[in-house]
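Residue-level structure breakdown
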Amino acid sequence: MKIITKVNTLREEIHHHKQSGGTIGFVPTMGYLHDGHLSLIKEARNNNDIVVMSIFVNPLQFGPNEDFDRYPRNIERDLKLAENADVDILFMPDSEEMYPGTLSVAMNVKERVHVLCGKKREGHFDGVVTVLTKLFHLVQPRRAYFGLKDAQQVAVVEGLVDDYFFPVEIVRVRTVREEDGLAKSSRNVYLSEEERNEAPAIYESLRGAKKKIESGEVNTSAIISDVKEFIHNMTSGQVEYVEIFTFPELTPFHEWNGEIILAIAVQFQKARLIDNIIISLDKKENQHV
Ligand code: AMP
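Residues numbered from 1 in each chain as written. Predicted model: local features only at pLDDT ≥ 70, side-chain atom pairs only at ≥ 80, totals over all residues. Heavy atoms only, no water.

1. Things to note about the pattern of salt bridges
Scanning the model with the defined rule gives 19 salt bridges in all. We note a salt bridge from Arg45 to Asp88, for which the minimum N-O separation is 2.9 Å. Separated by 43 residues along the polypeptide, Arg45 in helix H2 (residues 35-47) and Asp88 in the loop between helix H3 (75-84) and strand E4 (89-91) bring together distant segments of the chain. For Asp88, a relative accessible area of 26% translates into the label partly exposed. Taking the shortest distance from any N to any O, the salt bridge between Glu214 and Lys210 comes out at 3.2 Å. Taken together, the residues span about one helical turn, with Glu214 and Lys210 both in helix H9 (residues 200-214) at a distance of 4 residues. For Glu214, a relative accessible area of 48% translates into the label partly exposed. For Lys210, a relative accessible area of 26% puts it in the partly exposed group. (Salt bridge = Lys/Arg side-chain N within 4 Å of Asp/Glu carboxyl O. Helix = DSSP H or I, 4+ residues; strand = E, 2+ residues; numbered from the N terminus. Buried < 20%, exposed > 50% of the residue type's maximum accessible area, 1.4 Å probe, protein only.)

The following block contains the structure:
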């Protein structure tokens, strides 16, 4: 595995690989790797000639009161995991390398950001598309891999790639969970022992709602308030949102067909956890929400 920290070195390395005509699979991350990240790498490994992973905690996507400074980091461990997962190139730039000066052109996401996490995390997705645009241009991947745990991110990135004709296929990867259902996340380390025991209730609430929808419940307000009540009863966390939208458009829907997302964010003492479930519905004519 080649470890690269400089933009110019990465450019040279990518140029070299492009000449051999092989495909590049790209896995962008913020490090502190877990099985979720590893499943992205595995998919990339299976479908491309080489795998490039980036580890970069992108300051632009953190708000002033968010956890940029205390975001968990363990480079030694990450290097071992990446090496074992057969990553070919690990790109680990510092902030100075990615943002050497002020940007003369800013990116601003217009759609898919006024709901879910985008409502509270103002500017977050602008930071995400900015860094990904830089990374896509540098890495020039044939495919890039994103976890559905961050479903709004997938939706926004698909919008970016479609709107601006990026020559990259976005591959959605299903959420990897702990045995008790909690979605794996670098931020789970912020949970106290008690909160960790409560946290599987998040996925349980989503599964319960999915069952109701699949057995014919069409009242979204009732579904949402049941989920909120379940979280309130089972955890000490505060529900930030529970919302249902079409996926990936993230718009309110009026007919029960196509793909919908039921998404949740719960604030614990030090950890804000998100999760979601995407449900494919058969067309049920004339059933309005
Ligand atoms: P992060 O390091 O948190 O920015 O995540 C890097 C990539 O890993 C993103 O595409 C995430 O959606 C994905 N990811 C994070 N957690 C999981 C998970 N539990 N299952 C699948 N993918 C995940």
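2. Structural notes on the site of the ligand
Taken together, 18 residues sit near the ligand, with Met30, His37, Asp150, Val176 and Lys184 positioned nearest. Asp150 is positioned with one of its side-chain polar atoms (N or O) 2.6 Å from an oxygen atom of the ligand. One of the backbone N or O atoms of Val176 is found 2.8 Å from a nitrogen atom in the ligand. Here the ligand loses 93% of its free accessible area of 490 Å² to cover by the protein chains. (Near = heavy atom within 4 Å. Polar contact = N/O pair within 3.5 Å; in protein donor to acceptor, adjacent residues only side chain to side chain. Areas by Shrake-Rupley, 256 points an atom, 1.4 Å probe, with all protein chains shown as cover.)

3. Section: the sheet that holds E4
What links the strands of a sheet is backbone hydrogen bonding, and the strands pair in either a parallel or an antiparallel sense. Taking strand neighbours across the sheet as the criterion, the 6 strands line up as E1-E4-E3-E2-E5-E6 in an open arrangement whose pairing is parallel. Here the strands that pair on one side only, and so sit at the sheet edges, are strand E1 (2-4) and strand E6 (169-173). The average angle at which neighbouring strand axes cross in this sheet is 25°, direction not considered. Of the pairings in the sheet, the one linking strand E2 (residues 24-29) to strand E5 (residues 143-147) comprises 2 bridges and is parallel in character. Along E5, the bridge assignment pairs Phe26 with Ala144. Strands E1, E2, strand E3 (50-55) and E4 of the sheet are contacted by helix H1 (residues 7-19), whose axis makes an angle of about 150° with E4. (Pairing = 2+ DSSP bridges. Axes fitted to C-alpha atoms, helices over the stretch in contact; angles between N-to-C directions. Contact = heavy atoms within 4.5 Å.)

4. Points about the confidence of the model for the protein
Confidence along the protein averages 95 in pLDDT terms, with 98% of residues attaining 70 or more. Taken together, the stretch residues 284-289 has pLDDT below 50 and engages in 16 contacts with residues farther than four places along the chain or on a different chain. (pLDDT = per-residue confidence, 0-100.)

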